[in-house]
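Here are the chains, one letter per residue:
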Amino acid sequence: MAGAPRHALPTGATGAPVPSGLTGATGVPLSASTSATGPLCPARLELPGPPYPPYAVGRRALRGPLELYLAEVGGQDDRSLLRAQELLDAQERARARAFRRPRDRDAYVIAHATLRALLSPLLGVPADELPLMREPCAGCGGPHGRPALRASGVHFSLSHSGDLVLVALAGAPVGVDVEGVATEEAVRSAQCALHPAEVAELALLPAHERQAAFTRTWVRKEAYLKGLGTGLVRAPALDHVGTGPRPVPPAPDWTLRDVLVPAGYAAAVALRRE
């Protein structure tokens, strides 16, 4: 995937520049695709060199109901990783230190710094001063639910897997998920978490198609549950999103779309209609 599609909206109606180091960043509206129901093609973020601005570059408005960004991490030098880490708050830095594998730690740091760099111009607030908070957990009510912005009117969702980072920005609740294609063992062990209709659909597929079908089903579920704010506290088997090439909307007031990502991954985005 070489970059943003031709029909993506132009950069910033307010003329605000893209944050330094996040080149190729153009948001795409939810309807932007080759067909009304086809997968969305996110804007591509390039992350070379000195990546993240230390200050806000000017406040801008959302360019549509949804802005969707994809970045590939890896290959950053120590200086870039250090600058990215400086944008994180204390809780994010603690989470980063908890990763045992350096690659996983670096991916987390780059993902969260990228999110902050994208949010910064929407609020006109320096990336390292964003009023991020944790919503109450949907299960226990503790202060470790999904991240959110305090009283901003901007909703966001972040997912990273392997070398990919996917970010959605919207004016309504939104969820995204990206995952590497599931192994055969994962498909066998996790089928109990699917809706009965999805289990039946998988059973009808040739064995060589089930891993890809299961993965696109799972990212659809995760995106929807992130948008709801419940995560996996809500049993994923409750909602039918389909295993086929087109997702099934899980509720009348939600739009669910697949997202084009590099081979070996699957991704989806869910947006609540206002």
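Conventions adopted
- Residues numbered from 1 in each chain as written.
- Predicted model: local features only at pLDDT ≥ 70, side-chain atom pairs only at ≥ 80, totals over all residues.
- Heavy atoms only, no water.
- Helix = DSSP H or I, 4+ residues; strand = E, 2+ residues; numbered from the N terminus.
- Polar contact = N/O pair within 3.5 Å; in protein donor to acceptor, adjacent residues only side chain to side chain.
- Pairing = 2+ DSSP bridges.
- Axes fitted to C-alpha atoms, helices over the stretch in contact; angles between N-to-C directions.
- Contact = heavy atoms within 4.5 Å.

Caption draft 1: Structural detail: the side chain of arginine 60. Locating arginine 60 in the fold gives a position in the loop between strand 1 (43-45) and strand 2 (66-72). A distance of 2.7 Å separates the side chain of arginine 60 from the side chain of glutamate 67, its partner in a polar contact.

Caption draft 2: Region of interest: the sheet that holds strand 2. If you trace the 4 strands from one edge of the open sheet to the other, you get 1-2-6-5, paired in mixed fashion. In this open sheet, the two edge strands, each paired with only one partner strand, are strand 1 and strand 5 (155-161). Pairwise comparison of adjacent strand axes, ignoring direction, gives a mean angle of 20° for this sheet. With 7 bridges connecting them, strand 2 and strand 6 (residues 164-170) associate as antiparallel partners. What sits directly across from glutamate 72, in strand 6, is leucine 164. On top of the sheet, helix 3 (residues 102-123) reaches strand 1, strand 2, strand 5 and strand 6; it is set at about 160° to strand 5, its chief contact.

Caption draft 3: Highlighting the sheet that holds strand 9 (residues 265-272). With antiparallel pairing, the 3 strands of this open sheet are ordered in space as 7-9-8. The sheet is open, and its two edges are formed by strand 7 (174-180) and strand 8 (254-258), each paired on a single side. Between one strand axis and the next, the sheet turns through 15° on average, direction left out of account. Of the pairings in the sheet, the one linking strand 8 to strand 9 comprises 5 bridges and is antiparallel in character. Directly across from tryptophan 254, in strand 9, lies its bridge partner arginine 272. Across the face of the sheet, helix 6 (residues 210-228) comes into contact with strand 7, strand 8 and strand 9 while running at roughly 150° to strand 7.

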